[in-house]
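# Structure assessment
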Amino acid sequence: MKNILLLLALCLIICCKPNTIIQNNLKKDVSFLASDELEGRQTGTKGEKAAAAYIENRFKELELLPKGTNGFLQPFTFKPKTNPHEEVKFDVNGDGTITGNNVIGYLDNNVENTIIIGAHYDHLGFGSEGSLYRDSIKAVHNGADDNASGIAILLHLAARLKQKNTNNNYLFMAFSGEEMGLLGSNYFVKNPTINTKKVSYMINMDMVGRLKQDSALAVYGTGTSPIFKQTLKSNNNNFKLIEKESGVGPSDHTSFYLANIPVLHFFTGQHEDYHKPSDDAEKLNYDGMETISNYIFNIISDLNDNEKLVFTKTKNEGKNTPRFKVGLGVIPDYMFDGKGMRIDGISEGKPAQKAGLQKGDIVLKLGDSLVVDMMSYMRALSVFKKGDKSIVVVKRNQQKIEKEIQF
């Protein structure tokens, strides 16, 4: 009897061990990348270089092949834009230039087509442009969700894909320069280290560490290949999927879509810690990250027997995005799929806070314009200028509330 109990206990330990290892690896990777020692991983800084060295070492542990221009690294030098509408200039000489590094590893199955799996690893340092931190005290923006979470899942997938789903090769890419305008992915597409004509599709993960209780998972690019929607549906047993057809969005998948490559971009939504020092490793949902990684792996497995995927163009929503001179000072809930624009966060001292708007309010009307989605919200906002006053109607706990707002 004692031997039987010992055997059962041993079996239980063995069965539980893989999940424990997965959890430990996800936490280990995020904890290092989002540590204060890396000082926010801003492109061109020593913190970014330390992060690149860590990812390079992890690629070596996973026995990936180097596929950069300097081993695993693909350095790119650029001059930051002074005009937001101009195109960044790469490989420039002179003062004021910055050098970032993509980190690229290759799993070669000696077949024709390749799948690219990517995530950016740079962040905002001590609070560069894009920070929503308003305190005067200097603080590290650790970027655990944005985007140590994506890198951790990328590494998890690299470990799982070894000697599995071998009908494709796999290129794993950790991009830098994303926060400055998708620079690393843009540079790679213009200076690829593999034949991009043989790329079947690209998967991108950006902010995938905060899966909420409702299990809402946004997937962008579902219209960029005819097979994507059915594949996502048939492999989904865990998520409330919010599907966006467009291949254009504020992350690195856009660079590949614009090169006529099908893309899928995974995202668990913004939150109050977005682009603030409080985006720390202990706030991530590691069980949720593992579930997302498993889902992506199952999608790759389902597509393993397909030839190179067909690319389809989608409506470029970015071209129709209105420009505006003022803002409410809110973080929109990009995961909301109901009518209106739900507020996921309020910035201190901005018009929304002064008007008494709250997190969770759903904007239904702004001025004379009805708000039914994000695009209509932006169109409504675009008519106002600084100093204008207007009325905003929000839904709060099933009640409609009207507030006066001044921009």
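Relevant structure appears above.
Parameters at a glance
- Residues numbered from 1 in each chain as written.
- Predicted model: local features only at pLDDT ≥ 70, side-chain atom pairs only at ≥ 80, totals over all residues.
- Heavy atoms only, no water.
- Helix = DSSP H or I, 4+ residues; strand = E, 2+ residues; numbered from the N terminus.
- Buried < 20%, exposed > 50% of the residue type's maximum accessible area, 1.4 Å probe, protein only.
- Lys, Arg positive; Asp, Glu negative; His and termini not counted.
- Charge placed at Lys NZ, Arg CZ, Asp CG, Glu CD.
- Salt bridge = Lys/Arg side-chain N within 4 Å of Asp/Glu carboxyl O.
- Core = buried A, V, L, I, M, F, W, Y, C linked by side-chain atoms within 4.5 Å.
- Pairing = 2+ DSSP bridges.
- Polar contact = N/O pair within 3.5 Å; in protein donor to acceptor, adjacent residues only side chain to side chain.
- Contact = heavy atoms within 4.5 Å.

What follows concerns the overall build of the protein chain. Summing up its helical and strand segments, the protein chain has nine helices and 16 strands in all. On the principal axes, the C-alpha backbone points of the protein chain span a range of 70 × 65 × 45 Å. For the protein chain, with 407 residues in total, the buried portion stands at 52%. Counting 49 positive and 47 negative side-chain charges, the protein chain places the averaged centre of each group 4 Å from the other.

With that settled, the discussion passes to the pattern of salt bridges. Per the counting criterion, the structure on display carries 13 salt bridges. Between aspartate 29 and arginine 58 there is a salt bridge, and its shortest N-O distance comes to 3.0 Å. A residue pair is termed long-range when its members are at least 10 positions apart, and aspartate 29 in helix α1 (residues 2-33) and arginine 58 in helix α2 (residues 46-61) qualify at 29 residues. The pair aspartate 29 / arginine 58 is uniform in exposure class, with both members buried. When the shortest N-O distance is used, the salt bridge between arginine 210 and aspartate 279 registers 4.0 Å. On the criterion of sequence distance, the pair formed by arginine 210 in the loop between β7 (199-205) and β8 (216-220) and aspartate 279 in the loop between β10 (263-267) and α7 (286-302) is long-range, its members being 69 residues apart. Connected via shared salt-bridge partners are Arg210, Asp273, Asp279 and Lys283.

Let us now look at the nonpolar core. Ranked by size, the top nonpolar core spans 58 residues in total, and within it Ile117, Phe172 and Phe266 carry the most contacts. Residue contributions to this core peak at nine residues, all from helix α3 (residues 144-160). Core analysis: the next-biggest nonpolar cluster, separate from the first, contains 22 residues, Val326, Met375, Phe384 and Val394 among them.

Once that is clear, we can look at the pairing of strand β16 (residues 399-406). In the case of a regular strand, side chains alternate between the two sheet surfaces. In this structure, strand β15 (residues 389-396) lies alongside β16, joined through eight bridges in antiparallel fashion. Note that in β16 the partner of arginine 396 across the bridge is glutamine 399. Here β15 folds back onto β16 in antiparallel fashion, the turn holding two residues, of which asparagine 397 has a positive phi close to 50 degrees.

You can see lysine 27 is positioned in helix α1. Along the chain, lysine 27 and glycine 150 lie 123 residues apart, while their C-alpha atoms are 12 Å from each other.

The subject of this paragraph is the side chain of aspartate 252. If you trace the backbone, aspartate 252 turns up in the loop between β9 (240-244) and α6 (253-257). Among the polar contacts listed, one links the side chain of aspartate 252 to the side chain of serine 185, at a separation of 2.6 Å. Excluding its chain neighbours within four sequence positions, the residues that come into contact with aspartate 252 are His120, Phe175, Glu178, Leu182, Ser185 and Asn204.

Quick look at unusual backbone geometry now. The step from aspartate 146 to asparagine 147 runs through a cis peptide bond, and the omega angle for that step is 5 degrees. Non-glycine residue histidine 275 carries a positive phi angle of around 55 degrees. Note on placement: histidine 275 falls in the loop between β10 and α7.

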